[in-house]
Amino acid sequence: MKISTIKELLDANTVCGEEQLSRHVYSACGSDMMSDVLAYVKDQAVLLTGLVNSQVIRTAEMMDMNCIVFVRSKVPTAEMIELAKESGIVLLTTSKRLYEACGILYSNGLIGNRVKD
Amino acid sequence: MSEGLTFHFNVDGEDFTSAGQASVMMKKNLRQLGLPPEIIRRVSVAMYEGEINMVIHAGGGVADVNVTENYVEIILTDSGPGIKDIEQAMQEGFSTATDSIRSLGFGAGMGLPNMKRYSDYMHIDSEVGKGTTITMRVNIN
Ligand SMILES: Nc1ncnc2c1ncn2[C@@H]1O[C@H](COP(=O)(O)OP(=O)(O)O)[C@@H](O)[C@H]1O
Ligand SMILES: [Mg+2]
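Quick caveat, the model's predicted, so the values are computed rather than measured. (Residues numbered from 1 in each chain as written. Chains lettered and ligands numbered in written order. Predicted model: local features only at pLDDT ≥ 70, side-chain atom pairs only at ≥ 80, totals over all residues. Heavy atoms only, no water.)

**Q** Honestly, the interface of chain B and chain A in this entry has me stumped. Any pointers?
**A** By a widely used convention, the size of an interface equals the accessible area lost when the partners come together. The partner chain A presents 24 residues to the 30 residues of chain B that form the contact. Regarding the contact of chain B and chain A, the summed buried area is about 2,200 Å², with carbon and sulfur atoms giving 53% of it. One can count 4 salt bridges joining chain B with chain A. A salt bridge links D64 of chain A to R41 of chain B, with the nearest nitrogen and oxygen atoms 3.6 Å apart. Here chain B is connected to chain A by 14 residue pairs in polar contact (both at pLDDT 80 or more). (Contact = heavy atoms within 4.5 Å. Buried area = accessible area lost by both parts, 1.4 Å probe. Salt bridge = Lys/Arg side-chain N within 4 Å of Asp/Glu carboxyl O. Polar contact = N/O pair within 3.5 Å; in protein donor to acceptor, adjacent residues only side chain to side chain.)

**Q** Please clarify how unusual backbone geometry should be interpreted in this entry.
**A** Across the chain, the bulk of peptide bonds are trans and the bulk of non-glycine residues have phi less than zero. All names here are of chain A. Positive phi, close to 50°, is recorded for D11, a residue that is not glycine. One non-glycine residue with positive phi stands out, namely D64, at about 60°. Here D64 lies in the loop between α3 (54–62) and β4 (67–70). (Helix = DSSP H or I, 4+ residues; strand = E, 2+ residues; numbered from the N terminus.)

**Q** Sorry if this is basic, but what is going on with the pattern of salt bridges here?
**A** For side chains of opposite charge, pairing can occur when their charged atoms come near one another. Under the defined criterion, the tally for this structure stands at 11 salt bridges over all chains. Between E127 of chain B and K130 of chain B there is a salt bridge; the shortest N-O distance is 3.9 Å. Classification of E127 of chain B as partly exposed rests on a relative accessible area of 45%. Here the salt bridges do not stand alone but share partners, grouping E61 and D64 of chain A together with K27, R31, E38 and R41 of chain B into one network. (Buried < 20%, exposed > 50% of the residue type's maximum accessible area, 1.4 Å probe, protein only.)

Rendered as structure tokens:
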């Protein structure tokens, strides 16, 4: 699924990475606990979260995720935006809640997610 | 690369916001060395979880990484409180983290299990009141 499609489906705003909206993601992960995200292995995934701190960006960076969606209208800090730009990660914000945002993406075909072993 | 390359990082225990910086830098180094993405990710995640643990449980420490032809070795050393029962600490979901740590997105008790999952070898050496040294290796190939 294209990041631009995620943006449309979630009625989201782009915080940074506008020029990368044509990139694709193949799976998704929704959580406020970063270790749960780190337990999950898949390339080119989107992270949906209500957590707002620098570790969210670093977690995505460690997992090679190229897009983060902040739910419940959470706004990332200037420092987070800086880190995301350095790592080439697209940041989106939506007013939808985590459950709803995940459900919308899932029902539109963004399914694949698997925990290693 | 037969001699191996070594990297050293200080991990500041005062500042949760900067936690993970060493792992981010190491990831860049590994990319420059041209290691396979899957290896890089496993090293990065294992080191990142260990780095976060040093910050939230041990007041910081140091990270040493050796890159050899056959593996990447990560050694995390701290002078924190130590781990009383390592077997218990290794269990998924076990955590002594406070609610304030949990509200920061960590403390799910998945850190050590993740480190084990992503490494090919892991050894914890810990003494209560003295500190903890964790050695992890990720094989290349
Ligand atoms: N470097 C460390 N120094 C002291 N205790 C540690 C250290 N690393 C882990 N621990 C202990 O092991 C427990 C489990 O660690 P972990 O699996 O990473 O879960 P979490 O960090 O989410 O609590 C921690 O809650 C803590 O009690
Ligand atoms: Mg941990």
